[in-house]
Amino acid sequence: MSEDSNSAIRTIFKGASIVYAGLIIQYFISFAAQVVTANLLPAGGFGNVITGTAVIDLGAIIGTIGLNIGLARNLPRESSRSERIKIANAAYLIAIPLSIAVALGIVLNSQYIASTIFSDQSISTSITIFGATVPFAVLYNLSTGGIRGQEISRYRVYLRNIIQPVTRMGIISVLTIYVIGDICRLTGYAVPYAVVGVVSTYLFTKALPGFNVIGRTDWKTVKELVDFSLPISVSNATGFVIRSSDIFLVLYFLSNEAVGAYGVVYSLSQLVRMFSTAFNFLGMPVASKLESDENLGDALRVNESILRWLAVLSAPALFPMLAYPEFIISFIYGQDYTAGSAALVVLASGFAIHNVFSPNRSLLTATGHTKTMMGNNIVTSALNLILNLVLIPQYGVLGAAIATVAAYLFRDAVVVLELRMFTGRYTVTSRVINPILIAIPTMSVMGYFALEIEAAVYSLILLTTCTSVVYVALVIVILGITPEEQMLVDSVEEKYGISFWLIDKIVDQFSTK
C-alpha cells in the first residue's frame, strides 16, 4: 500500500477516534436529556419533540440546499486560502437569506400545517418553536461542512458532541427543577440549535482564517458551487423522506403517542451507527483529495479497510438490542414505550448492516457522482413512501421500521453496484463479508444463552462483553490482522514511544502480511 494510502488511513482513523470519543459524550448526555424529557412528558408530548426535530431537519435541508456538502468536497481541492474563502463566502451568501425565508414560511403557517395536514392542532406550538430555529440549523450545517472540508475533527466534537447536548441537558435540568410547562421544555430542546449555530460559525472562521460570514465572492464560484450542490440538495431532501417520513406518517396514521414510542426505539437504534458516523466524517474529504490527485486506487483501498473495521465493530454493538430489546427500552424510558421493542430489533439489525456499507456513499460523493446519488435517493424515497403507506396502517410502528430498513438497504446495494460500474471494482470484498459471516453464528450461540438468563443489567453487560471478546478473538484467529491494521499499531507505538508487548505478540502471530 502506498504512503498516500497509509497517510489517509492514519488521518481517517485519528479523526474517527476523536469523533467517536465525542459521540460517546454526546450520546451519554443526549440520552440523559431524552430520558428526562420522555419521563417528564407523556408519550404524546415526547412525540411533539420528535416531530419538532424533524421540522428542523427538513427546514435545514431546504435552507442549506446541499452547500455544506459542497464545502466539504470543494475546500480540500483548493490549495489557495483566498480561493477557499471565496467558496465559503458563496455558500453563506446563498444559504442565509434562504434559511430566513424558510423559517418565516414554517412559523407563519404552523397552524395550517398542524390542523390541515396532520389534523392535530396540538403540534402547532412545536412546529412554531422548532421552525424558528431553522436559520441557526443552517448555519450549523454550513459551518460543520466547512470544518469538515478543513479536516478539523475536534471542532465537530466540540459542537455536535459537547456544546449542543450539554446546553440541552442544562436547560432541561433547570426546567425540571422549576417544574415549568411543556412549551418551555420544547424550547429547551430547540435553543441548543441556536447556540451551536452561532458557535459553529465562529469556529469555522478560526478554521479558515480570513473568512467572514459576509464577504466577497464572484459569480463563477457561486455557479460552480451551486452546480455541484443542487443535486445534493435533492439527494438530501429525498434522504429526509427516507430518514424521517416515517415520523410524519406515524403521526398521520396513528398518534402522537406512537410517534413518541417510535422516536425512542429509533434513537436507541442509532447507537449502532456511531462507528460509521465517526469514520465518514473525514472519509469523504480524504477520499476526495486522493481522487483529485488521481489516486483512485488508494481511495478504494482506504474505503475497503473502513468497511472491514465497521463490520467488526457493528456486531457487538447490535447484540444487546437483539438479546434484550424490551428490557433496554423499559429500563431507560419506562414501560410506556415497550410497544416498540419489535421495531427496535428491526431497526438495529438494519442499521448494523447499513453501518457497514454507508461509507460507500461518501466515496460516491467524493468521486463527484452527485447526480447519481440524487437519482438513488429519489428512487429510494419513493420506495420508502410506498412501503410506509402500505405497512404503517397494517403493522403500526413495526411497519415503519421495516419500511425504513428496506429503503436503506436497497440504496446501499445500488451504491455498491454503481461503484463497481464507475471504478471497475467491488467495494464489498471477502475482507468485508467474512467478519459478518463469523458474527452470525457467534451471536446466535450467545443469543441462546440470553434466552436462558433473566434480563437484568448484570446479564446484559456480561453477555455483551463475552460476545464482543469471543467475536473479536475469532476474527483475529480466523481472518488474521491486515497490513493496514499492523501499520496503525506501529504508528501509535512510534508516536507515543511505547510498546504494547501483548498486542505486538498477537500482531506477529496473526499478521497476514
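All figures in this text were calculated on a predicted structure; none of them were measured in a lab.

**Points about the overall build of the chain**
Here's step 1: Within the chain, the regular secondary structure consists of 22 helices and zero strands.
Here's step 2: The buried share of the chain, reckoned over its 513 residues, is 56%.
Here's step 3: In the chain, the proportion of contacts linking residues at least 24 apart, taken out of those at least 6 apart, comes to 84%.
Here's step 4: When the accessible surface of the chain is split by element, carbon and sulfur atoms take 66% of a total near 21200 Å².

**Quick word on a nonpolar patch on the surface**
Here's step 1: Judged by side-chain polarity, Tyr252, Phe253, Leu254, Leu385 and Leu389 come together as a nonpolar surface patch covering roughly 440 Å² of accessible area.
Here's step 2: Those elements that provide at least two residues to the nonpolar patch are helix H10 (219-253) and helix H17 (370-395).
Here's step 3: Tracing the backbone through its elements, the reader meets Leu254 in the loop between H10 and helix H11 (256-269).

**Observations regarding helix H6 (residues 124-131)**
Here's step 1: Of all eight residues in H6, six are buried, a share of seventy percent or more.
Here's step 2: Residues Ser124, Ser126, Ile127, Ile129, Phe130 and Gly131 constitute the buried set of H6.

**A word on helix H14 (residues 325-333)**
Here's step 1: Every buried residue of H14 is listed here: Pro325, Phe327, Ile328, Ile329, Ser330 and Tyr333.
Here's step 2: Phi turns positive one or two residues past the end of H14, at Gly334, with a value near 110°.

**What to know about the side chain of Thr64**
Here's step 1: Position of Thr64 relative to the elements: it lies in helix H2 (residues 43-64).
Here's step 2: In terms of polar contacts, Thr64 uses its side chain to reach the backbone carbonyl oxygen of Ala60, at 2.6 Å.
Here's step 3: If near-sequence neighbours (up to four positions away) are discounted, Thr64 is found in contact with Val138, Asn141 and Leu142.

**With respect to the pattern of salt bridges**
Here's step 1: The full count for this structure, using the stated rule, is one salt bridge.
Here's step 2: Among the salt bridges present, the one from Lys86 reaches Glu83, with a minimum N-O distance of 3.5 Å. Here Lys86 pairs with Glu83, and both are found in helix H4 (residues 81-108), just three residues apart, close to one helical turn.

**Overview of unusual backbone geometry**
Here's step 1: A positive phi angle is found at Ile65, which is not glycine, with a value near 40°.
Here's step 2: Mapped onto the secondary structure, Ile65 falls in the loop between H2 and helix H3 (67-74).

**Here's the deal with the environment of Ala88**
Here's step 1: Relative to the assigned elements, Ala88 resides in helix H4.
Here's step 2: The spacing of Ala88 and Leu71 is 17 residues in sequence and 6.8 Å in space, taken between C-alpha atoms.
Here's step 3: The residues contacting Ala88, other than those within four sequence positions of it, are Leu71, Phe204, Leu208 and Phe211.

**Some points on the confidence of the model for the chain**
Detailed reading of the predicted coordinates is not advisable wherever pLDDT is low.
Here's step 1: Residues with a pLDDT of 70 or more make up 75% of the chain, whose mean pLDDT is 77.
Here's step 2: Confidence drops under a pLDDT of 50 for residues 282-288, and excluding neighbours within four residues, the segment shows 28 contacts in the predicted structure.

Rules behind the numbers
- Residues numbered from 1 in each chain as written.
- Predicted model: local features only at pLDDT ≥ 70, side-chain atom pairs only at ≥ 80, totals over all residues.
- Heavy atoms only, no water.
- Helix = DSSP H or I, 4+ residues; strand = E, 2+ residues; numbered from the N terminus.
- Buried < 20%, exposed > 50% of the residue type's maximum accessible area, 1.4 Å probe, protein only.
- Contact = heavy atoms within 4.5 Å.
- Areas by Shrake-Rupley, 256 points an atom, 1.4 Å probe, with all protein chains shown as cover.
- Patch = residues over 30% accessible without salt bridge, like charges linked within 9 Å, V, L, I, M, F, W, Y side chains within 5 Å.
- Salt bridge = Lys/Arg side-chain N within 4 Å of Asp/Glu carboxyl O.
- Polar contact = N/O pair within 3.5 Å; in protein donor to acceptor, adjacent residues only side chain to side chain.
- pLDDT = per-residue confidence, 0-100.

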